Structure formats: structure tokens, C-alpha cells
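Take a look at the letters that make up each chain.
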Amino acid sequence: MSLTESVAVDVAHSASLASRRLATLNNDDRNKALTLLHDALEMNQKDILEANARDVKLATIAADNGDLSHSVLKRLDLSRPGKYKDMLDGILSVRDLDDPIGKVTLRTLLDDGLTLERVSCPIGVLLIIFEARPEVIANIAALAIKSGNAAILKGGKESMESFAAIANVVSKAIAESRVPVSSIQLVKTRDAVSSLLAQDSLIDLVIPRGSNELVRFVKDNTKIPVLGHADGLCSAYIHADADIDTAVKVIVDSKTDYPAACNSLETLLVHEDTLELVFPAVAAALLEKGVTLRCDPDSKSALTKTLPAEKSVQVQTATESDYNTEFLDLVLAVKTIPSTDPPIAAVEAAITHINMHSSKHTEIILTRSKEAADMFMGGIDSAGVFWNASTRFADGMRFGFGTEVGISTNKIHSRGPVGLEGLTIYKYLIRGNGHGAADYDGEGRKKYLHTRLPIGQ
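Note that this is a predicted model, so its numbers are computed, not measured.

If you had to explain the environment of Asp-395 to someone new, which residues and values would you point to?
With respect to the helices, strands and loops of the structure, Asp-395 is situated in the loop between β13 (384-387) and α15 (396-399). On the basis of relative accessible area, Asp-395 is assigned to the buried category, the value being 19%. Excluding its chain neighbours within four sequence positions, the residues that come into contact with Asp-395 are Asn-263, Glu-404 and Pro-417. A polar contact is formed between the side chain of Asp-395 and the backbone nitrogen of Arg-398, at a distance of 3.1 Å.

I'd like to hear about the packing of helix α5 (residues 83-95) against helix α6 (residues 136-147), residue by residue, with values.
Packing of α5 against α6 brings their axes to within 9 Å, and their N-to-C directions diverge by 10°. When the axes of α5 and α6 are compared, the pair comes out roughly parallel. Packed against α5, whose contacting residues are Met-87, Ile-91, Val-94 and Arg-95, the element α6 presents Ala-138, Asn-139, Ala-142, Leu-143 and Lys-146 at the interface. Split into classes, the residues belonging to the contact of α5 with α6 amount to 6 nonpolar, 1 polar and 2 charged.

Requested: an account of the layout of surface pockets, with residues and values cited.
Estimates place the volume of the second largest pocket at around 510 Å³. Lining the second largest pocket are 22 residues; nearest its centre among them are Pro-100, Leu-420, Glu-421, Gly-422 and Thr-424. Those elements that provide at least two residues to the lining of the second largest pocket are β2 (114-122), β15 (416-418) and β16 (424-431). When residues in the lining of the second largest pocket are grouped by element, the largest group, 3 residues, is from β16.

Give me empty space enclosed by the protein: which residues, what numbers.
The gaps left among the atoms become clear once a water-sized probe is rolled over them. Using the criterion set out here, one finds 1 cavity of 30 Å³ or more in the structure. The calculated volume of the largest cavity comes to roughly 40 Å³. In this structure, the largest cavity is lined by Val-72, Arg-75, Glu-131, Ala-132 and Gly-210. Grouping the constituent residues of the lining of the largest cavity by class yields 2 nonpolar, 1 polar and 2 charged.

So what's going on with a nonpolar patch on the surface? Residues and values would help.
Among the surface-exposed residues, Phe-393, Phe-399 and Phe-401 lie close enough to one another that they form a single nonpolar patch of about 270 Å² accessible area. Structurally, Phe-401 can be placed in the loop between α15 and β14 (406-408). On the basis of relative accessibility, which here comes to 33%, the residue Phe-401 falls in the partly exposed class.

If you had to explain the domain arrangement of the protein chain to someone new, which residues and values would you point to?
Often, the extent of an interface is quoted as the loss of accessible area upon association of its parts. Taken domain by domain, the protein chain holds domain 1 (3-104 + 122-220) and domain 2 (234-396). Across the contact, 4 residues belong to domain 1 and 5 residues belong to domain 2. Summed over both partners, the interface of domain 1 with domain 2 comes to about 490 Å²; 45% of that surface belongs to carbon and sulfur atoms. When the area that domain 1 buries against domain 2 is broken down by residue, the three leading residues are Ser-71, Lys-74 and Arg-75, summing to 72%. At the boundary of domain 1 with domain 2, the tally comes to 0 salt bridges. On inspection of domain 1 and its partner domain 2, the count reaches 1 residue pair in polar contact (both at pLDDT 80 or more).

I'd like a description of the state of the cysteines, backed by residues and values.
Applying the stated criterion across every chain yields a total of 0 disulfides. Distance from the sulfur of Cys-262, which forms no disulfide, to the nearest cysteine sulfur (Cys-234) is 6.9 Å. The exposure class assigned to Cys-262 is buried, which follows from its relative accessible area of 16%. Free of any disulfide, Cys-295 has its nearest cysteine sulfur in Cys-234, 19 Å distant.

Pulling in residues and values, what's your account of the packing of aromatic side chains?
Considering all chains together, one arrives at 5 aromatic pairs under this definition. Seen from their ring centres, Phe-399 and Phe-401 are 5.5 Å apart, and the 90° between their planes marks the pair as edge-to-face. Aromatic side chains Tyr-426 and Tyr-428 sit 5.7 Å apart centroid to centroid with 80° between the ring planes, which places their arrangement in the edge-to-face category. What makes Tyr-426 partly exposed here is its relative accessible area of 45%. Taking NZ or CZ as reference, Arg-80 lies 4.6 Å from the ring centre of Tyr-258, over its face. The ring centre of Tyr-426 lies 5.6 Å from the NZ or CZ of Arg-118, which sits over that ring.

Can you lay out the environment of Ile-365 for me, pointing to particular residues and giving the numbers?
Turning to its location among the elements, Ile-365 is positioned in strand β12 (residues 362-366). Residue classification places Ile-365 among the buried positions, given a relative accessible area of 0%. As a C-alpha pair, Ile-365 and Thr-391 span 26 residues in sequence and 10.0 Å in three-dimensional space. Ignoring sequence-local partners within four residues, the contact set of Ile-365 consists of Tyr-237, Ala-372, Ala-373, Phe-376, Phe-386, Trp-387 and Asn-388.

Break down a negative patch on the surface for me, citing the residues and quoting the values.
Judged by side-chain charge, Glu-272, Asp-273, Glu-276 and Asp-298 come together as a negatively charged surface patch. When its relative accessible area of 74% is taken as the criterion, Glu-276 is described as exposed.

Can you break down the pairing of β12 residue by residue, with the values?
Moving residue by residue along a regular strand, the side chains alternate between the two faces of the sheet. Burial within β12 is extensive, with 5 of its 5 residues counted as buried. The alternating pattern of β12 places Thr-362, Ile-364 and Leu-366 and Glu-363 and Ile-365 on opposite faces, both of which are buried. Sheet topology note: the strand β7 (residues 234-238)/β12 ladder contains 4 bridges and is parallel. Its bridge partner lying in β12, Ala-236 is registered against Ile-364.

The rules behind each value
Residues numbered from 1 in each chain as written. Predicted model: local features only at pLDDT ≥ 70, side-chain atom pairs only at ≥ 80, totals over all residues. Heavy atoms only, no water. Helix = DSSP H or I, 4+ residues; strand = E, 2+ residues; numbered from the N terminus. Buried < 20%, exposed > 50% of the residue type's maximum accessible area, 1.4 Å probe, protein only. Contact = heavy atoms within 4.5 Å. Polar contact = N/O pair within 3.5 Å; in protein donor to acceptor, adjacent residues only side chain to side chain. Axes fitted to C-alpha atoms, helices over the stretch in contact; angles between N-to-C directions. Parallel < 35°, antiparallel > 145°, perpendicular 65-115°, else oblique. Nonpolar A, V, L, I, M, F, W, Y, C, P; charged D, E, K, R; others polar. 1 Å grid on protein atoms, 1.4 Å probe; cavity = no way out; pocket = protein on both sides within 12 Å on 5 of 7 lines; lining within 4 Å. Points joined across faces, edges and corners; volume = space filled by probe spheres on them. Patch = residues over 30% accessible without salt bridge, like charges linked within 9 Å, V, L, I, M, F, W, Y side chains within 5 Å. Areas by Shrake-Rupley, 256 points an atom, 1.4 Å probe, with all protein chains shown as cover. Salt bridge = Lys/Arg side-chain N within 4 Å of Asp/Glu carboxyl O. Domains from an automatic or database assignment. Buried area = accessible area lost by both parts, 1.4 Å probe. Disulfide = S-S within 2.5 Å. Phe/Tyr/Trp six-rings, centres within 6.5 Å; stacked < 30°, edge-to-face > 60°. Lys NZ or Arg CZ within 6 Å of the ring centre and 35° of its normal. Lys, Arg positive; Asp, Glu negative; His and termini not counted. Charge placed at Lys NZ, Arg CZ, Asp CG, Glu CD. Pairing = 2+ DSSP bridges.

Right, here's the structure in full:
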């Protein structure tokens with residue numbers, strides 16, 4: 001066994017032991033640890049931001065040289081207005097949520113004196129691998145502690161200074177609580193990733209947060225279950241009856257509020273009947289915000305008739321690959337949905353396009369019709385489907401989950417923004433009094449009652 005493999009085994013083993021201890025701590029003990037974590041990060045804000053500034057300086061040079069995307073640079077910067085405060089507030093919001101452990105979700109009386117319960121419990125050991133986003137350390141540390149899970153975190157090289165500064169504060173804060181120090185471990189060696197991904201007997205779940213390449217690498221190189229999404233290719237459909245003001249507000253917010261986010265809009269489908277009035281108004285508002293539109297022939301033709309000549313440079317011809325691209329920038333692909341008879345069939349066409357091209361993250365429809373909205377929301381195969389509301393609502397804080405560990409497009413265990421509930425699983429508990437299964441198997445033997453009991457008794 002190599003030194004790297006040995007280190008990975010030691011880290012995973014100590015995390016596994018810590019997770020068992022952490023799972024038995026009461027909610028007060030876990031909450032006290034989160035208070036300590038919040039206070040320590042608040043007290044050390046100046047040092048952490050100085051470390052982050054060093055990362056940003058190097059990343060800016062790399063971005064200018066074309067070696068790093070500008071979307072990664074934006075995610076890296078902790079000094080953006082409100083970002084550090086949001087990180088601190090996220091810890092407190094998690095602390096103040098109900099205890100996710102020990103919740104009884106089913107009670108069944110199997111027979112007199114024999115009761116079955118389904119109870120929420122921690123998953124165990126989480127391995128989180130992330131790029132940029134240094135606030136992930138604090139977010140996941142809070143979520144892991146509150147949910148009773150141990151976490152192993154590995155940050156990207158672009159956030160190394162921030163990572164080290166925050167890691168030092170996290171470790172010292174946890175050491176003052178009843179939470180085992182090895183509940184939150186921060187791995188700095190890049191070579192350790194492959195070895196950690198091989199620890200399927202000790203690590204229970206991997207959560208990659210970063211680029212498409214990172215997520216696919218993780219999925220291709222581990223037997224451990226993986227929770228996450230490779231892309232955030234979100235789409236919107238403007239139906240024929242969409243309200244102009246609603247469409248403008250929602251689409252502009254979806255695309256320009258934070259273009260580098262995974263819940264930013266990347267594809268806009270427009271009904272043919274909107275090309276003369278609704279779509280030009282939406283396009284004008286987007287162009288004013290600096291968005292480049294990559295349009296199919298019909299939508300491009302509609303814009304050339306209505307927009308000023310100086311805006312024409314921002315209206316380009318789309319290629320088929322644009323409808324499969326996560327731009328993470330002020331670029332939006334546009335496609336026309338033809339008019340149909342009956343009109344509702346256009347919704348089906350939009351659904352078909354989205355289900356074929358989307359990454360199953362978040363999709364929205366702009367319409368006044370409940371029939372159209374219900375068809376869209378029922379037919380779209382994505383983690384989030386919204387009616388007349390921005391894609392940017394796809395977020396754990398905005399859902400009221402507290403801070404999130406990530407967005408999942410999986411169809412098992414957890415889907416959408418993953419907060420505390422997504423970091424718990426369940427176990428079945430039976431309480432009996434000398435009962436044996438053989439007493440119930442076969443003719444003439446006892447019969448199960450299988451009586452559903454109220455949860456609170």
C-alpha cells in the first residue's frame with residue numbers, strides 16, 4: 001500500500017469511527033458546535049478574506065490567460081457583496097432547523113407487543129470534492145454536523161489559500177465542542193482523491209461540486225454512490241399566452257441574476273405566436289443586460305425587425321450544440337416552438353425538446369393557462385419544474401432547507417436542493433418481547449395485525 005493509499009484509509013477509518021460517535025450526540029451538542037463554528041468564522045473573517053484575496057489574485061491571472069473560466073473565478077471570490085455574511089447566516093439557519101435525526105416516519109403494530117418503526121438516521125461518512133466555492137467548507141461542515149454525518153472535504157487547487165484558512169478555523173472550533181474532531185476532515189493532497197474514491201467500505205456517499213469533468217471523473221472512478229449533477233442546463237418555455245411583464249421579469253432574473261450559477265437559464269424556447277410582441281420585449285431586456293442571444297432562424301428574424309441596429313451584434317445564429325451547452329455566462333440559446341392545432345400541442349413539443357436536451361436540473365414555463373402549466377409540470381422529467389417563477393429559486397436556502405450540500409438530479413434517495421433531509425436515510429426498528437418469526441409462518445399459526453399507528457404515539 002502506497003503512502004497516499006495509507007493516508008486515505010486512515011482518514012476514511014477515523015471518519016467512520018467519528019460518524020458513529022456523532023450519530024449518538026443529542027441535538028443540543030450538535031447545535032453548540034455550530035454556534036462555535038459560526039462565531040469562529042465571524043471572528044476570523046479578516047484573515048480568511050485576505051487568504052481568499054490571494055487565491056482570487058492568482059485565479060484572475062489564470063482567467064486572463066485562458067487557463068481558468070471566469071465563472072469559476074466568480075464562484076471563488078468570497079468578498080462579493082453579501083457572500084461571507086450568507087455563509088455565516090447559512091450556518092445559523094442550519095443550526096435552527098429541527099433535528100433531522102430520530103424522526104419517526106412510520107409506526108406499525110405487527111402484533112400485540114411487537115411494534116415496527118421507521119426512523120431517520122445519518123448516512124454515515126460523506127466525501128465532498130469541490131472546485132472553487134470555498135464557502136462549501138463551512139456549509140457542508142454545518143450540514144454534516146447537524147445531520148450527524150462525518151465529512152471528508154477536498155477542495156480545488158484554485159481555492160487552496162482560502163481552504164487552508166477556513167480549515168484551520170473549522171478544526172479549532174470543533175475541538176471546543178463534543179463533536180469528534182475527525183468528524184470534519186480536510187484533505188489538501190490532490191493525489192488522495194483516487195485513493196479516497198476507492199474506500200467504498202468506509203465512505204457511504206460522494207458529493208462532487210464543480211465542473212462537468214469533475215462530476216464525470218468521480219462517477220467513473222468509484223463504487224461509492226454519487227449524489228450530484230454534471231450540468232445545470234436549465235430551460236424556459238414562453239407559451240403563446242404568456243404575460244409580457246411576467247415573462248420579462250422572470251426570464252431576465254433567471255439569466256442575469258447570477259449567470260455563473262448552476263440554476264441560471266441557458267435555453268429559451270419561445271412559442272411562434274410570441275415572436276411579434278412578447279419575445280421582442282424579453283429579448284430587449286436581456287440585451288440591455290448584456291446578454292448575447294444565439295437564435296434559430298425564426299427568432300432571429302423576428303428580432304432583426306424590431307431591435308436597433310447597434311444591438312444586432314448581440315444576436316447570433318444558434319448551432320445545434322448551443323441547445324446542449326451550459327454557458328455559465330451572459331449567453332442564451334433561443335429556439336422557436338411552432339404554432340399547433342390544438343394550441344396545447346405546442347406545450348408537448350416544448351416538453352419533448354427539454355427532456356431531450358436538458359440536464360434535468362430546473363425548467364420553467366411562462367403561461368396564464370393552468371392546463372398548459374399542469375401539462376408542462378407533469379411532463380418535464382427534471383428535479384425542479386416551476387410556473388411563472390425564476391429558475392434561480394432552485395436553491396436550498398430559498399426552499400427553506402437551510403444551506404445546501406448541492407443540487408441532485410438523481411432519481412434515487414434525494415433530488416433537487418439537498419439539505420438536511422437529503423443527508424439522512426432511515427432504519428427500521430422493531431421492539432418486541434420474545435417474539436419469533438416462526439410463530440407467524442404457516443397454517444394454523446398467529447396472524448400479523450399490520451395495524452398502522454399514529455406517528456406520535
